[in-house]
Amino acid sequence: MYSIQWLPFISSSSVDRPAPAKQPQLAYNYHHARTPFDSFSAVRGLNSCTANGDLRLGSCIHTNIIKSGLYTNVFVANSLLDAYAKCGHIDDAAKLFDHMPDKTVVSWTSLMSGHCQRGAFDEVISIFWRMLETLQPNEYALAVILQACAQKRDFKLVQVIHCYIIKTGFVMDAFLQNSLIDGYTKSGSLVAAEKLMKRLSCRNVVSWTSLISGCVFNGRVEKALRFFVEMQEDGVSPNVITILSILQACSLVNERQVFQWVHGLVMKAKCRENVFVINSLVEMYSTNGYFKEAFQVFCEFCFEGDGKYVSAETIATLVQRCSHSKCLKLGEQIHGYLFKHGFFPCTILENSLIDMYSENERGDAAFQLFRKMSCRDIVSWNTMISCLVKGGNSYQALMLLSEAHGNGGSDMVYPDFVTILASIQACSSLASLQQGQVIHGYITRAGLICDTFVQNSLVDMYGKCGRLDLAEKVFFEEMPVRDLGSWNSLIAAYGINGNGTSALSTFQKLKNTGCYQPNAITFTSILSACAHTGLVAEGFEIFKSMKEEYSLDPGIEHFACMVDLLGRAGRLEEAEAFIHKMPIKQGPEVWGALLNGCGLFGKPDIAERAAKKLSCLEPKSKTWRVALSNVYARANRWEDAAMVRAEMRSEEQLHKEGGWSSVEVRGEAFQFMVGDTMHPEATMIYAVLNGINEHIRDTTY
């Protein structure tokens, strides 16, 4: 939100600034006009330079002032000092101030304002004390010192200035009264501000706005809304700054009725056409989850209105809501609006659009937009890499990481924690040990290895690559601090590799530490480990402890693990009975686990019952149909297997694409399908494979 003191800067930068093309002509007039260069023309020219922020022309005028001997004129010197201060050249202003033979209160106030503008509030206070040694400040100097005290949140100093104002007879000045209210509210004393407000004989919009914005600044949003009601009862109409403060208060309150009330007030007020108000109105709805209302406001003022533009940051918030709400169509409409109205290139908007397309499973559109970006930051690279990993294109994600690490062409970016986590996840998906070790080395050199999330991801990655020794090394030797995720990652690594005994041992160590209580993810990992190693009794004991020892209600994933545990042990009838006794709704996870168990032990009757349930829960799924076909084939029921496959081929929606696998050899990934002969060394590969099969048969028999 914009505070009161910034309003002049907003208006001067957006409305009052003249076209740059006229400035050279102005300079020409000072150098070549026949009228003499006197104090009046110098002050007038300097004021124009200050308003335009044109210090180059101001320097030219400064030169003429020195040549014409006007530097001794106090009015000219003050205007020059004000120009340097407000144009950001405070050091030059201070030098000029030190060399001024005569200093008035305007001189001191201009220097104080310049320091206050750049946030040097301690310097403002120091200058004010120096001024008191020579002359008495006026109401403008007192307003500047109050602003500095407010920004420093120095309540005691505000009280001192207040006492000085009373002593010097400025207490009835309306301008200073408003400054005092602003100073008290921003320094945290709403009680003092409210008392002062009640004593005012004439309370105007600035008084009320100072009080309301101060309440919002201090998080007292209910009080801000109450003062807003009192303001209208007092017959004072709100201005743009008041509305902006109230909209911010509404965002913090998050009450729909208050939103609608303020929205209606905005529609009736003159500020409905203000760009800042429109942005705040959209953000108020979108940040509080009212995406439909936010989009309606956006459409009213942008699609159907008179072309008022919403800011890039606000539109980015809308696009993010499209991502979370899976509203691809609305996101595409906003994309079209942005393209039509020339918002591109804009990195923040392009990043939001990439994320929106990624969340809506349109990785192709996200990648196309990414490649068209003229300037990419690290967020752009992270969003695109994460999109590829989520879409199952982990190999392409690692290629993009390599490109980003090479500075991405003209983009000077360096991988951060988000990049590293997404890249490690890609290595985990591919079980790419060599790439994972390269990233591990980079993490160590870049000083990112101390992050717990990164270390947990490394444990998970090494576990999925089958290198339990490296996973244990990271966990036991490289992690000075472990969280619950660290223990979960190691337990899951043991389970994936069929080391149930070590998984149980780690689970017991976790309980013995007493630092962390196992959560739902912990139990999923340990139950899965028991399932993969046939530890049925231990699995049931752990499952029972969830409710009895930790007061955790088992979720569908835990029941699926138990069905998988029984199914892998060949106890399919018990698994089916276990499903029927579940206290929660039976989902496709448990029936799928039962069907997979039937595939291991060839139980077509149970498989058919599981498939019947899955046909109701997931009628368009291909997974359970393939599993059922495999069960029929294992039981030598070839006609039934062929019938299921034929059904899949006859329906276009059920058509199953050929599956492929990948293997990494010396850092290079190779993809292949069943019976694939595309590899240049396919003949040798099949010869080695046949030799392995013969060796297995000889060993078996």
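Everything discussed here concerns the structure shown above.
The rules behind each value
Residues numbered from 1 in each chain as written. Predicted model: local features only at pLDDT ≥ 70, side-chain atom pairs only at ≥ 80, totals over all residues. Heavy atoms only, no water. Axes fitted to C-alpha atoms, helices over the stretch in contact; angles between N-to-C directions. Helix = DSSP H or I, 4+ residues; strand = E, 2+ residues; numbered from the N terminus. Parallel < 35°, antiparallel > 145°, perpendicular 65-115°, else oblique. Left-handed = near helix turned anticlockwise from the far one by under 90°. Contact = heavy atoms within 4.5 Å. Nonpolar A, V, L, I, M, F, W, Y, C, P; charged D, E, K, R; others polar. Phe/Tyr/Trp six-rings, centres within 6.5 Å; stacked < 30°, edge-to-face > 60°. Buried < 20%, exposed > 50% of the residue type's maximum accessible area, 1.4 Å probe, protein only. Expected span 1.5 Å × (residues − 1). Polar contact = N/O pair within 3.5 Å; in protein donor to acceptor, adjacent residues only side chain to side chain. Core = buried A, V, L, I, M, F, W, Y, C linked by side-chain atoms within 4.5 Å. Salt bridge = Lys/Arg side-chain N within 4 Å of Asp/Glu carboxyl O. Patch = residues over 30% accessible without salt bridge, like charges linked within 9 Å, V, L, I, M, F, W, Y side chains within 5 Å. Areas by Shrake-Rupley, 256 points an atom, 1.4 Å probe, with all protein chains shown as cover. Lys, Arg positive; Asp, Glu negative; His and termini not counted. Charge placed at Lys NZ, Arg CZ, Asp CG, Glu CD.

### Points about the packing of helix α10 (residues 155–168) against helix α11 (residues 174–186)
Here α10 crosses α11 at 160°, and the two axes come no closer than 10 Å. Taken together, α10 and α11 sit at an angle that is classed as roughly antiparallel. At the point where α10 passes α11, the crossing takes the left-handed sense. Contacts from Phe155, Val158, Gln159, His162 and Ile165 of α10 reach α11 at Leu176, Leu180, Gly183 and Tyr184. Its residues assigned to classes, the contact of α10 with α11 shows six nonpolar, three polar and no charged.

### Concerning the packing of aromatic side chains
To describe a pair of aromatic rings, one takes the distance between the centres and the angle between the planes. In total, this model carries 21 aromatic pairs according to the counting rule given. Centroid distance Phe259 to Tyr285: 5.8 Å. Interplanar angle 85°. Geometry classified as edge-to-face. Placement of Phe259 in helix α16 (residues 256–268) and of Tyr285 in helix α17 (residues 275–287) is noted, with a sequence separation of 26 residues between them. For the residue pair Phe259 and Tyr285, the accessibility class agrees, reading buried in each case. Between Phe559 and Phe578, the ring centres sit 5.9 Å apart and the planes meet at 45°, which makes this aromatic pair tilted.

### Comments concerning helix α23 (residues 378–390)
With 13 residues, α23 should reach 18 Å at 1.5 Å per residue; the first-to-last C-alpha distance of 18 Å fits that figure. Residues Ser380, Trp381, Asn382, Thr383, Met384, Ile385, Cys387, Leu388 and Val389 constitute the buried set of α23. Considering only its buried residues, α23 is in contact with α21 (347–359), α22 (363–372), α24 (394–405) and α25 (417–430). Backbone nitrogen of Val379 and a side-chain oxygen of the N-cap are separated by 3.2 Å at the start of α23; the cap is Asp377. Gly392 occupies a position one or two residues after α23 and carries a positive phi of about 85°.

### So, the nonpolar core
Among the nonpolar cores identified, the biggest contains 196 residues, and Ile145, Ile315, Ile334, Ile443 and Leu594 are the most heavily contacted of them. The residues contacting Leu594, other than those within four sequence positions of it, are Val563, Leu572, Ala575, Glu576, Ile579, Ile606 and Ala610.

### Overview of the pattern of salt bridges
Here the structure, examined in full by the defined rule, presents 21 salt bridges. The shortest N-O distance in the salt bridge between Glu573 and Lys603 comes to 3.6 Å. One end of the pair, Glu573, is in helix α34 (residues 572–580); the other, Lys603, is in the loop between α35 (588–601) and α36 (604–617), and 30 residues separate them in sequence. Overall, the relative accessible area of 46% leaves Glu573 in the partly exposed class. The structure contains a network of salt bridges with shared partners spanning Glu194, Lys198, Lys223, Arg226 and Glu230.

### Here's the deal with the side chain of His440
Structurally, His440 is set in helix α26 (residues 433–446). Using a relative accessible area of 10% as the deciding quantity, one classes His440 as buried. Not counting chain neighbours up to four residues away, the residues in contact with His440 comprise Ile449, Leu458, Tyr462, Val474 and Glu478.

### Re unusual backbone geometry
That bond from Phe344 to Pro345 is cis: its omega, 0°, falls within 30 degrees of zero. Its place among the elements puts Pro345 in the loop between α20 (328–340) and α21. Residue Arg153 is not a glycine yet carries a positive backbone phi of 55°. Locating Arg153 in the fold gives a position in the loop between α9 (139–152) and α10.

### Points about the environment of Gly495
Tracing the sequence through the fold places Gly495 in helix α29 (residues 484–496). Gly495 sits 36 residues away from Ala531 along the chain, and the two C-alpha atoms are 8.4 Å apart. The residues touching Gly495, leaving out its near neighbours within four places in the chain, are Ala529 and His532.

### Quick word on a negative patch on the surface
On the surface, a cluster of negative charge is made up of Glu538, Glu541, Glu548 and Glu549. Among the structural elements, Glu541 can be located in helix α32 (residues 536–550).

### Comments concerning helix α13 (residues 205–217)
With 13 residues, α13 ought to run about 18 Å at 1.5 Å a step, and its terminal C-alpha atoms sit 18 Å apart, in line with that. The element α13 is largely enclosed, with a buried count of ten among its 13 residues. What α13 keeps buried is the set Ser207, Trp208, Thr209, Ser210, Leu211, Ile212, Ser213, Gly214, Cys215 and Val216. On the buried face of α13, the contacting elements are α11, α12 (190–199), α14 (221–233) and α15 (240–253). With a side-chain oxygen positioned 3.2 Å from the backbone nitrogen of Val206, the residue opening α13 is Asn204. With its phi angle positive at about 80°, Gly219 sits one or two positions after the end of α13.

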